[in-house]
Amino acid sequence: MLIGQPVGVSLKNGQGVSGVLCSLNNNTVVLQEYLYQNQYAVKQYPFHMIQDINGFPGCHTSGPLF
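Note that this is a predicted model, so its numbers are computed, not measured.

## Here we look at the overall build of the chain
Within the chain, the secondary structure is distributed over 0 helices and 5 strands. What you see in the chain, going N to C, is helices and strands ordered as β-β-β-β-β. With respect to the three principal axes, the spread of C-alpha positions in the chain is 45 × 25 × 25 Å. Counting across all 66 residues of the chain, residues that qualify as buried make up 23%. Relative to all contacts within the chain whose residues are 6 or more apart in sequence, the contacts with residues 24 or more apart total 31%. Total accessible area on the chain stands at roughly 5,100 Å², and carbon and sulfur atoms take up 53% of it.

Shown next, in the form of structure tokens:
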């Protein structure tokens, strides 16, 4: 359900990562993460390292943000 969507991933070591969920296969989560400028990296995280995966909530704005 979250494939192709932005997600936050909590790792068991206390760190967190975010990106677009590319796939779940072979006991691995594959994320496309933003690095800088126009560069992205596809990274793999084994299921045993993951505590939780959550979809990003919608934006709730009440006016311009500039």
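## Points about the sheet that holds strand S4 (residues 39–46)
A sheet is described by the order of its strands in space; here 5 strands give the open sequence S4-S3-S2-S1-S5, paired in antiparallel fashion. Bordering the open sheet on either side are S4 and strand S5 (50–55), each of which pairs with just one other strand. Recorded for the sheet is a direction-independent mean angle of 40 degrees between the axes of neighbouring strands.

## Overview of the side chain of Thr 28
Structurally, the position occupied by Thr 28 is in strand S3 (residues 28–36). Separated by 3.1 Å, the side chain of Thr 28 and the backbone oxygen of Asn 26 make a polar contact. Contact partners of Thr 28, with chain neighbours within four places excluded, come to Ser 23, Gln 44, Tyr 45, Pro 46 and Phe 47.

## Regarding the pairing of strand S2 (residues 16–25)
Bridge count for strand S1 (residues 6–11) against S2 is 5 bridges, and the pairing is antiparallel. Bridging from a neighbouring strand, Gly 8 pairs with Ser 18 of S2. A loop of 4 residues connects S1 with S2, the two strands running antiparallel in sequence, and Gly 14 in this loop sits at a positive phi of about 95 degrees. Here S2 runs beside S3; their pairing, made up of 5 bridges, is antiparallel. The residue of S3 that forms the bridge with Leu 21 is Leu 31.

Parameters and conventions
- Residues numbered from 1 in each chain as written.
- Predicted model: local features only at pLDDT ≥ 70, side-chain atom pairs only at ≥ 80, totals over all residues.
- Heavy atoms only, no water.
- Helix = DSSP H or I, 4+ residues; strand = E, 2+ residues; numbered from the N terminus.
- Buried < 20%, exposed > 50% of the residue type's maximum accessible area, 1.4 Å probe, protein only.
- Contact = heavy atoms within 4.5 Å.
- Areas by Shrake-Rupley, 256 points an atom, 1.4 Å probe, with all protein chains shown as cover.
- Pairing = 2+ DSSP bridges.
- Axes fitted to C-alpha atoms, helices over the stretch in contact; angles between N-to-C directions.
- Polar contact = N/O pair within 3.5 Å; in protein donor to acceptor, adjacent residues only side chain to side chain.

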